[in-house]
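# Reading the structure
Chain by chain, the residues run as shown.
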Amino acid sequence: MDFPLGPVERVRVGANTAERTPCPNRIGALEKIIRSYPEKRGEFVLEPTLGMTFDSLGEGYDFYNLYSWEHGFGVRYGKSRLNPQRTKTMQEIVCWCSGKPAGENTRSCRCECPAMIRLLRTEDNGWYITEQRVRHNHSLSVTCAEKVYWPSHKHIDVYTKDLVRQLRENNINIGKVYSIIGSLFGGVGNVPFTKRTLKNLCGRISKEQADDDVKKTIEVFAEIGSKDREFTYRVLADSDSRIKNLMWPNGSSRMQYKYFRDVITFDITYRTNLYDMPFGLFVGLNKHFQSIILGGVLLRDEQTESFEWVFSKFGQMMDGNAPKTILTDQSRAMELAIRNILPGTVHIWCKWHVLKKAKE
């Protein structure tokens, strides 16, 4: 069987339907089924029955979708009916293979499958099953690897989303996140969504976190600046107004640089886990042979243009005073940037990096 490819646009008609107010004393359909399962012990856990009620249309869809996962098919919203107030009063949830293909000789999986449930609205804005058709006219998916290709099963439930969000906030990479979720489902092969779906979710989470982190960073800088008048920072944005490079020194660093700028080092061996951005540090040495941090920088990449921006802004923030000598690793892009921006500065390779390369 050929599965549908790509996203499918769902057209919604009518006003948003009101939902029944959840009652703490009312047990939901899913909870009832799970509680009663140890007594009946069948092959399948979920079985829709006539008269089964739900607090919302979404709850009914999720229940039937879980049922379809057990039996090996996908679901989607079908026909609906509106009342004169344009409020939905009937909704069919059908097998993904319901309906006719758009044209002949297509790879569509639609074969007029009759399997479905029909939901009607109750007086208290709940929903109940008024009709159910169980029979399918096509083969069903057997393994988890086949089931995940039904579009309705590429959805990640809210509880798993919360877990993924917490793991990503703790800098866990996507591969490990997928393995952790796989352990919850008894194995990676049993996870009810693909790794690509997880990657797309992590991308959305990272974007949300990035937007929030930028706001928090600027707020922190504003707070530091209110206490430290000499604190300053520079930002380079790309064509999409996203932060590309971010650099800052505090007042103490700028003051110490005036006296200890004879020899400094610039090291970008650090790398953040969440955004995979190189983090660079300007480090000097005071008269007590103690290391002093002169500034920090986050970079989008390690190209010559980025390094030219870094060294240019570093000199500006240090009142236009270039360092006399700078030690770096053996980066060709950095070497070219120093030659262009700091022509009067002696550039030396760091001994530690040279010996490390020699051993490799």
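Nothing here was measured: the structure is a model prediction, and the numbers come from that model.

For the protein chain, the count of helices and strands is 10 helices and 12 strands. Across the 360 residues of the protein chain, 37% fall into the buried class. On the protein chain, roughly 21500 Å² of surface is accessible, and the fraction owed to carbon and sulfur atoms is 51%.

This brings us to unusual backbone geometry. What is expected of a backbone is that most residues other than glycine have negative phi and most peptide bonds are trans. Here Arg86, not a glycine, exhibits a phi torsion of approximately 65°, which is positive. With respect to the helices and strands, Arg86 occurs in the loop between β2 (75-82) and β3 (88-95). Phi is positive for Asp319, which is not a glycine, with a value near 60°. Mapped onto the fold, Asp319 is located in the loop between α8 (304-317) and β11 (325-328).

Take helix α2 (residues 57-71) next. Helical periodicity: at 3.6 residues per turn, an α-helix aligns residues three or four positions apart in one direction. With 15 residues, α2 ought to run about 21 Å at 1.5 Å a step, and its terminal C-alpha atoms sit 21 Å apart, in line with that. Within the sequence span of α2, burial applies to Leu57, Gly60, Tyr61, Phe63, Tyr64, Asn65, Tyr67, Ser68, Trp69 and His71. Immediately downstream of α2, the backbone of Gly72 shows phi near 95°, a positive value.

Mapped onto the fold, Ser306 is located in helix α8. The residues touching Ser306, leaving out its near neighbours within four places in the chain, are Lys244, Asn245 and Asp301.

Take the nonpolar core next. Of all hydrophobic cores here, the largest spans 25 residues; its most connected members are Met52, Phe54, Tyr64, Ile93 and Leu119. Counting residues per element, the ones that place at least two in this core are α1 (29-40), α2, β2, β3, β4 (116-121) and β5 (127-133). Among the elements that make up this core, the one with the highest residue count is α2 (5 residues). Discounting residues that sit within four places of it in the chain, Ile93 has contacts with Gly60, Tyr61, Tyr64, Val75, Arg76, Tyr77, Gly78, Met116, Ile117 and Leu119.

Moving on to the environment of Phe314. Checked against the element boundaries, Phe314 lands in helix α8. Setting aside chain neighbours within four positions, we find Phe314 in contact with Met247, Tyr257, Ile264, Phe282 and Leu294.

Time to look at the packing of α8 against helix α9 (residues 332-341). In the contact formed by α8 and α9, the axes pass within 8 Å of each other and the chain directions differ by 45°. When the interaxial angle is binned, α8 and α9 end up oblique. In terms of crossing hand, the pair formed by α8 and α9 is right-handed. For the pair α8 and α9, the contacting residues are Thr304, Phe307, Glu308, Phe311 and Ser312 in the first and Ala333, Met334, Leu336, Ala337, Ile338, Asn340 and Ile341 in the second.

At a minimum axis separation of 10 Å, α1 and α2 run at an interaxial angle of 35°. From α1, Ala29, Leu30 and Ile33 reach across to α2, where they touch Glu59, Phe63 and Leu66.

With respect to topology, 5 strands assemble into an open sheet ordered β1-β5-β4-β3-β2, the strand pairing being antiparallel. The open sheet has two edge strands with one neighbour each: β1 (53-54) and β2. Here 6 bridges tie β4 to β5, and the two strands are oriented antiparallel to one another. Bridged to Leu120 within β5 is Tyr128. Lying on the sheet, α2 is in contact with β1, β2, β3, β4 and β5; it crosses β2 at an angle near 145°.

Another point: α8. Taking 1.5 Å of rise per residue, the 14 residues of α8 would be expected to cover 20 Å, and the 20 Å separating its terminal C-alpha atoms lies within 8% of that figure. Thr304, Ser306, Phe307, Trp309, Val310, Phe311, Phe314, Gly315 and Met317 are the residues of α8 that are buried. Where α8 ends, the next residue or the one after it, Asp319, has phi of about 60°, a positive value.

Inspection of the sheet shows β11 paired to strand β12 (residues 346-349) by 4 bridges, in the parallel sense. Bridge pairing in β12 places Ile326 opposite His347.

So, on to the side chain of Asn245. Mapped onto the elements, Asn245 comes out in strand β7 (residues 243-248). Here the side chain of Asn245 touches Arg300 through a polar contact of 3.2 Å, landing on its backbone nitrogen. Residues contacting Asn245, with those up to four places away along its chain left out, are Arg234, Val235, Leu236, Leu298, Leu299, Arg300, Ser306 and Trp309.

About the criteria used
- Residues numbered from 1 in each chain as written.
- Predicted model: local features only at pLDDT ≥ 70, side-chain atom pairs only at ≥ 80, totals over all residues.
- Heavy atoms only, no water.
- Helix = DSSP H or I, 4+ residues; strand = E, 2+ residues; numbered from the N terminus.
- Buried < 20%, exposed > 50% of the residue type's maximum accessible area, 1.4 Å probe, protein only.
- Areas by Shrake-Rupley, 256 points an atom, 1.4 Å probe, with all protein chains shown as cover.
- Expected span 1.5 Å × (residues − 1).
- Contact = heavy atoms within 4.5 Å.
- Core = buried A, V, L, I, M, F, W, Y, C linked by side-chain atoms within 4.5 Å.
- Axes fitted to C-alpha atoms, helices over the stretch in contact; angles between N-to-C directions.
- Parallel < 35°, antiparallel > 145°, perpendicular 65-115°, else oblique.
- Left-handed = near helix turned anticlockwise from the far one by under 90°.
- Pairing = 2+ DSSP bridges.
- Polar contact = N/O pair within 3.5 Å; in protein donor to acceptor, adjacent residues only side chain to side chain.

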